[in-house]
Amino acid sequence: MPFELTKELIEKIESLIDESNDAELQTHLEEFHHADIAEILDDLNMEQATYIIKLLDSEQTSEVLMEMDEDDREKILRNLNAKEIAEEIEEMDTDDAADIVSELSEDIKTQVISNIKDKEHAENIVELLKYDENSAGGLMAKELIRVNENWSVTGCMTEMRNQAENVTRVHSIYVVDNKGKLKGRLSLKDLITAPSKAEIGDVYIRNVDYVDVHTAGEEVARVMQKYDLEAIPVVDEFGRLVGRITVDDIIDFIREEADKDYQLASGITEDVEITDSIWELTRARLPWLIIGLFGGMLNATIIGGYENAIATIPALAFFMPLITATAGNVGVQSSAIIVQGLA
């Protein structure tokens, strides 16, 4: 049955929080997908949402945090200490973890990274933070399955089992040489049907689409859309395999870019939402509105100097609506934010 956020459900959750009935609250929330829990938290006040985040286990809350609105997530993180944030991040894939850490202040960021027990995980997060967030390096995750072209099929299967423990979803198997350079991809069917003593170099597919760590996110999206890819490998400047980008990450990127383009087309210069403060909404409109205001004043001045000409040639009056165009600009920008919020 599809999830439906109802008034009764919210009242039930709020009642359990007020009663500090943790056992029943946990049991109640276990019925829902992490995306549904994120939707519930969006409807609660910040104190109640933080209470639930601290109540649930880190594996579940890490998923919930990534589904939440960025502004709401940032507010919740302010109510958690560095150790609590680190516990959540340890359960996330490196790309999601890097996104969370990048939202923190420099002081808290350092404390969080130092509190991550898995040092390799912490190092991978630090590496991802070095790349532009809209580049392939900033979008990629470090978790993937890689095999060496010189391995036997039997040895490859054993190694893949070990690597798969740290990978949530196995979209593709990538083949590298002894220097870590990307050579191709491995079909699971070919791996299963190949003789156990065969080498990976004899069965892997050499034709593989890939992107560089500095490739722009728009180009990554174009390549994945053109070739219908569920995931694409990312290499560094030396051709070494360093990560992968999955389709869910690129969809999030496309959605964010579409929102920005939509607002820019409506004359809004900042990324704003309907829930933002009056000051943030006003500030995003100011540049174009100021231009429109001075343009209108200039038009009024020009028209005032040609009153006699307008009286002689009434057709010139058709240009006067330019003076009132500022009001139209405000309307277009306001409707853009309202429509985006409804969507």
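Our subject is the structure listed above.
Quantities reported herein were computed from a predicted structural model and do not represent experimental measurements.

Q: I'd like a description of the pattern of salt bridges, backed by residues and values.
A: A full pass over the atoms with the stated rule returns 8 salt bridges. Measuring nitrogen to oxygen at the nearest pair gives 2.7 Å for the salt bridge that ties D236 to R240. Residue classification places R240 among the partly exposed residues on the basis of a relative accessible area of 36%.

Q: Quick rundown of helix α4 (residues 46-55)? Include the residues and the values.
A: Those residues of α4 that fall on the buried side of the exposure criterion are Q48, A49, T50, I52, I53 and L55. Looking at the buried side of α4, the elements it contacts are α1 (7-18), α2 (22-29), α3 (34-43), α5 (58-67), α6 (70-78) and α7 (82-89). Looking at where α4 begins, the residue whose side-chain oxygen comes 3.1 Å from the main-chain nitrogen of E47 is N45.

Q: Describe in detail the sheet that holds strand β1 (residues 145-148), supporting the description with residues and values.
A: Taken in spatial order, the 3 strands make up an open sheet running β1-β2-β3, and their pairing is mixed. Bordering the open sheet on either side are β1 and β3 (182-186), each of which pairs with just one other strand. Each adjacent strand pair in this sheet contributes to an overall mean axis angle of 35 degrees, direction not counted. Note: β1 against strand β2 (residues 173-176), 4 bridges, orientation parallel. Residue pairing in the sheet places R146 in a bridge with Y174 of β2. The sheet contacts of helix α12 (residues 153-164) involve β1, β2 and β3, and relative to β1 the element is tilted by about 155 degrees.

Q: Give me the lowdown on the pairing of strand β5 (residues 231-235), citing residues and values where you can.
A: Along β5, 5 of the 5 residues are buried, which leaves the element largely enclosed by surrounding structure. Burial along β5 is two-sided: A231, P233 and V235 and I232 and V234, pointing in opposite directions, are all buried. As defined by bridge partners, strand β4 (residues 211-212) adjoins β5 across 2 bridges and the pair is classed as parallel. When the bridges of β5 are listed, V211 appears paired with V234. Pairing between β5 and strand β6 (residues 241-246): 5 bridges, direction antiparallel. Of the residues in β6, the one forming a bridge with V234 is G243. What sits between β5 and β6 in their antiparallel hairpin is a turn of 5 residues, with G239 showing a positive phi close to 85 degrees.

Q: Which residues make up a positive patch on the surface, and what are the values?
A: Residues K179, K181, K183 and R206 make up a contiguous surface patch of positive charge. Exposure remark for K183: the relative accessible area of 33% places this residue in the partly exposed category.

Q: Please provide a residue-by-residue account of the packing of aromatic side chains, values included.
A: Following the criterion strictly, the structure yields 1 aromatic pair and no others. Over the ring of Y204 we find R206; its NZ or CZ atom is 4.4 Å from the centre of that ring.

Q: Run through the pairing of β3, naming residues and quoting values.
A: Bridge analysis of β2 against β3 gives 4 bridges, and the strand direction is antiparallel. Bridged to Y174 within β3 is R185. Hairpin connection between β2 and β3: a loop of 5 residues separates the two successive antiparallel strands, and G180 in this loop has a positive phi of roughly 85 degrees.

Q: Break down the side chain of T94 for me, citing the residues and quoting the values.
A: Mapped onto the fold, T94 is located in helix α8 (residues 94-102). At 2.8 Å, the side chain of T94 forms a polar contact with the backbone nitrogen of K142. Within the structure, T94 has its side chain in polar contact with the side chain of E143 (distance 2.9 Å). Sequence-distant contacts of T94, defined by excluding residues within four places in its chain, comprise H121, N124, I125, L128, A141, K142 and E143.

Q: Which residues make up the nonpolar core, and what are the values?
A: In terms of nonpolar packing, the biggest core is built from 57 residues, with I13, L29, L41, I52, I89 and I245 touching the most fellow members. Tallying contributions element by element places α1 first for this core, with 5 residues. Excluding anything up to four places from it in sequence, I245 contacts A136, L139, M140, V220, M224, E230, A231, I232, V234 and I250. The next biggest cluster of nonpolar side chains, apart from the first, holds 15 residues, and it includes V147, V153, A198 and V203.

Q: Which residues make up the side chain of T50, and what are the values?
A: The topology assignment puts T50 in helix α4. The exposure class assigned to T50 is buried, which follows from its relative accessible area of 7%. Within the local environment of T50, its side chain forms a polar contact with the side chain of N79, the two groups lying 3.2 Å apart. Other than its neighbours up to four places away in sequence, T50 contacts I76, N79 and L80.

Q: Give me the lowdown on α6, citing residues and values where you can.
A: Since one α-helical turn is 3.6 residues long, residues separated by three or four positions face the same way. Of the positions making up α6, those classed as buried are D72, R73, I76 and L77. What you see down the axis of α6 is that its buried residues fit within an arc of 135 degrees, all on one side. Buried positions along α6 lie against α3, α4, α5, α7 and α8.

Thresholds applied
Residues numbered from 1 in each chain as written. Predicted model: local features only at pLDDT ≥ 70, side-chain atom pairs only at ≥ 80, totals over all residues. Heavy atoms only, no water. Salt bridge = Lys/Arg side-chain N within 4 Å of Asp/Glu carboxyl O. Buried < 20%, exposed > 50% of the residue type's maximum accessible area, 1.4 Å probe, protein only. Helix = DSSP H or I, 4+ residues; strand = E, 2+ residues; numbered from the N terminus. Contact = heavy atoms within 4.5 Å. Polar contact = N/O pair within 3.5 Å; in protein donor to acceptor, adjacent residues only side chain to side chain. Pairing = 2+ DSSP bridges. Axes fitted to C-alpha atoms, helices over the stretch in contact; angles between N-to-C directions. Patch = residues over 30% accessible without salt bridge, like charges linked within 9 Å, V, L, I, M, F, W, Y side chains within 5 Å. Areas by Shrake-Rupley, 256 points an atom, 1.4 Å probe, with all protein chains shown as cover. Lys, Arg positive; Asp, Glu negative; His and termini not counted. Charge placed at Lys NZ, Arg CZ, Asp CG, Glu CD. Phe/Tyr/Trp six-rings, centres within 6.5 Å; stacked < 30°, edge-to-face > 60°. Lys NZ or Arg CZ within 6 Å of the ring centre and 35° of its normal. Core = buried A, V, L, I, M, F, W, Y, C linked by side-chain atoms within 4.5 Å. Arc of directions from axis to C-beta.

Read these as spatial facts, not as claims about activity.
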